[in-house]
Amino acid sequence: MGLIAYIKSLFILQLLVGFVFVVSGLIINFIQLCTCVLWPIDRQLYRKINTRLSYSLWSQLVMLLEWWSGTECTIFTDQATVDKFGKEHVIIILNHNYEIDFLCGWTMCERYGVLGASKVLAKYELLKVPLIGWTWYFLEIVFCKRKWEEDRDTVFKGLTQLKDYPEFMWFLLYCEGTRFTPKKHEISMEVAESKGLPILKYHLLPRTKGFTTTLSCLKGTVSAVYDVTLNFRDKKVPTLLGIVSGKKYMADMNITRYPVEEIPEDEKECATWLHKLYQRKDALQEHYEKEGSFPGPTIKPPRRLWTLLNFLFWATLLLTPLLNFACGVFVSGSPLLIVGFLIFCIIASIAVRRLISVSEVNKTGSTYGKMEGKKEN
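Residues numbered from 1 in each chain as written. Predicted model: local features only at pLDDT ≥ 70, side-chain atom pairs only at ≥ 80, totals over all residues. Heavy atoms only, no water.

J.: Please explain the environment of Ala117 as it appears in this structure.
T.: Inspection of the secondary structure puts Ala117 in the loop between α5 (101-111) and β3 (119-123). A sequence separation of 50 residues divides Ala117 from Glu167, and the C-alpha atoms of the two residues are 6.3 Å apart. With sequence-adjacent residues up to four places away left out, Ala117 is seen in contact with Thr51, Tyr165, Glu167, Phe168, Met169 and Trp170. (Helix = DSSP H or I, 4+ residues; strand = E, 2+ residues; numbered from the N terminus. Contact = heavy atoms within 4.5 Å.)

In structure tokens, the structure reads:
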């Protein structure tokens, strides 16, 4: 292990990085709360401010991927598609296989200037997660309980409200509904077989309702659907904890652009189109499994300095007084102060670990399969 790799693996350094993210996030959430007075006065100004505030938080995670771990992302697509990145409202369909798939998506959002305005159809439980859920709330993210009878009105209202969003947004959809695991795949394919739907090898059966509803509600705003298939070289299985520890991964993303004019408007035909799309995604993953790469030309968009500069700003602002205070505590020699400070560090480390656990595959709290057979596809 090299010196730099050893330094990145030090728990105290990871704790300081986590401290910066958590405290800056709470500050940002408070500022976002204050901006709510703008909503009835100037909704577009409220949105522009909050996209920049959310960028200041999310870009810290992107910084960990790009600068801390040094993970590289290669795009497999044509230049004509890349030329449209960041210049149109789009829906992103991404496979849900890895703990950091969202982070790779955010990296592409950041490099093309749409990170702050990125959207997602999120599960309702995430609304209660500090920083993540709170920031998404101020960004008008649509939260779902994944029970269509309860979600219908909320989803339609939330999506329709985004039609006049002032910033170009990339709306991420995990059509599989949950992360891929062998057990979930087995259950999913049993459902597919019983309904006469295509059998997939590398994906779960897509839930079409979210996609058809999103496309319908954002008609006239969204101009294309980007199908993104993500994989990692050497069959690595990256984790967020690995990123925090400074481990480097090599991510490959195949991106295909579909103009909305090519997608059927009829709900059933649109659902059939999505199933065929997942058959193509499966074929891409099969190709990657055999060849170790996606087909087509490659592009490596350069990382930008903004994520690093943003983190350095928050680190300087927050760590300077913290380190001064820590020095004062230990210089004082007071057992009470020292014990109190150590307890604070323990609590902080637990809080950071809990945030990381939100992304872990085996701790997502999914009930996939319990009601899957009753879902409409």
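J.: Where do I start with helix α11 (residues 267-291) in this structure?
T.: Helical periodicity: at 3.6 residues per turn, an α-helix aligns residues three or four positions apart in one direction. Here α11 is 25 residues long and its end C-alpha atoms lie 36 Å apart, about the 36 Å a rise of 1.5 Å per residue gives. Looking at where α11 begins, the residue whose side-chain oxygen comes 3.2 Å from the main-chain nitrogen of Lys268 is Asp266. Directly after α11, the chain includes Gly292, whose backbone phi takes a positive value near 75°. (Expected span 1.5 Å × (residues − 1). Polar contact = N/O pair within 3.5 Å; in protein donor to acceptor, adjacent residues only side chain to side chain.)

J.: Looking at this model, I keep getting lost on a nonpolar patch on the surface. Mind explaining?
T.: Taken together, the side chains of Ile27, Phe30, Ile31 and Leu33 define a hydrophobic patch exposed on the protein surface, amounting to about 360 Å² of accessible area. Inspection of the secondary structure puts Leu33 in helix α2 (residues 11-34). (Patch = residues over 30% accessible without salt bridge, like charges linked within 9 Å, V, L, I, M, F, W, Y side chains within 5 Å. Areas by Shrake-Rupley, 256 points an atom, 1.4 Å probe, with all protein chains shown as cover. Salt bridge = Lys/Arg side-chain N within 4 Å of Asp/Glu carboxyl O.)

J.: Explain the packing of α2 against helix α3 (residues 43-68) here, please?
T.: Between two packed helices, the angle of one axis relative to the other and the distance separating the axes together describe the packing. Two elements in contact, α2 and α3, have axes separated by 9 Å at closest approach and are oriented at 165°. As judged from the angle between their axes, α2 and α3 are roughly antiparallel. Judged by the sense of rotation from one axis to the other, the crossing of α2 with α3 is left-handed. Here α2 contributes Leu13, Val17, Val20, Phe21, Ser24, Gly25, Ile28, Ile31 and Gln32 to the contact with α3, which in turn contributes Asn50, Leu53, Ser54, Ser56, Leu57, Gln60, Leu61, Leu64 and Trp68. Of the residues that constitute the contact of α2 with α3, the class distribution is 11 nonpolar, 7 polar and no charged. (Axes fitted to C-alpha atoms, helices over the stretch in contact; angles between N-to-C directions. Parallel < 35°, antiparallel > 145°, perpendicular 65-115°, else oblique. Left-handed = near helix turned anticlockwise from the far one by under 90°. Nonpolar A, V, L, I, M, F, W, Y, C, P; charged D, E, K, R; others polar.)

J.: Would you mind going over the pattern of salt bridges with me for this structure?
T.: Close approach of charged atoms allows side chains with opposite charge to pair. Applying the stated criterion to the full structure yields 15 salt bridges. A salt bridge links Glu167 to Arg52; the nearest nitrogen and oxygen atoms lie 3.1 Å apart. Taken together, the residues Glu167 in the loop between α7 (148-161) and β5 (170-173) and Arg52 in helix α3 connect sequence positions 115 residues apart. Note on Arg52: relative accessible area 48%, which makes it partly exposed. Across the pair Glu286 and Lys290 runs a salt bridge whose closest N-O atoms are separated by 3.6 Å. Remark: Lys290 and Glu286 occur in helix α11; sequence separation between them is 4 residues, near one turn of the helix. Residue classification places Glu286 among the partly exposed positions, given a relative accessible area of 23%. Here the salt bridges share partners, and the residues they tie into one network are Arg47, Glu140 and Asp164. (Buried < 20%, exposed > 50% of the residue type's maximum accessible area, 1.4 Å probe, protein only.)

J.: So what exactly am I meant to see when it comes to the nonpolar core here?
T.: Side chains that are nonpolar tend, in soluble globular proteins, to be buried together. Core analysis: the biggest nonpolar cluster contains 101 residues, and Trp58, Trp106, Trp136, Trp170, Phe211 and Tyr226 have the highest contact counts within it. Ranked by the residues each element gives to this core, the list is headed by α3, at 10 residues. The residues contacting Trp136, other than those within four sequence positions of it, are Trp58, Trp106, Val120, Ala122, Leu126, Ile141 and Phe143. (Core = buried A, V, L, I, M, F, W, Y, C linked by side-chain atoms within 4.5 Å.)

J.: Would you explain the packing of aromatic side chains in this entry?
T.: Think of a pair of aromatic rings as described by two things: how far the centres are apart, and how the planes are tilted against each other in angle. For the structure shown, the criterion picks out 16 aromatic pairs. Between Trp170 and Tyr226, the aromatic rings sit 5.8 Å apart at their centres with planes inclined by 80°, giving edge-to-face as the arrangement. Here Trp170 is found in strand β5, whereas its partner Tyr226 is found in strand β6 (residues 224-232), with 56 residues between them in sequence. An aromatic cluster is present here, built from Trp58, Phe102, Trp106 and Trp136 joined pairwise through their rings. (Phe/Tyr/Trp six-rings, centres within 6.5 Å; stacked < 30°, edge-to-face > 60°.)

J.: Even after reading the chapter, I still don't get unusual backbone geometry, so can you show me in this structure?
T.: Excluding glycine, residues mostly carry a negative phi; peptide bonds, for their part, are mostly trans. For Asp234, which is not glycine, the phi torsion reads 60° and is therefore positive. Relative to the assigned elements, Asp234 resides in the loop between β6 and α10 (240-244). Although it is not a glycine, Lys235 adopts a positive phi angle of roughly 55°. When you line up the elements, Lys235 lands in the loop between β6 and α10.

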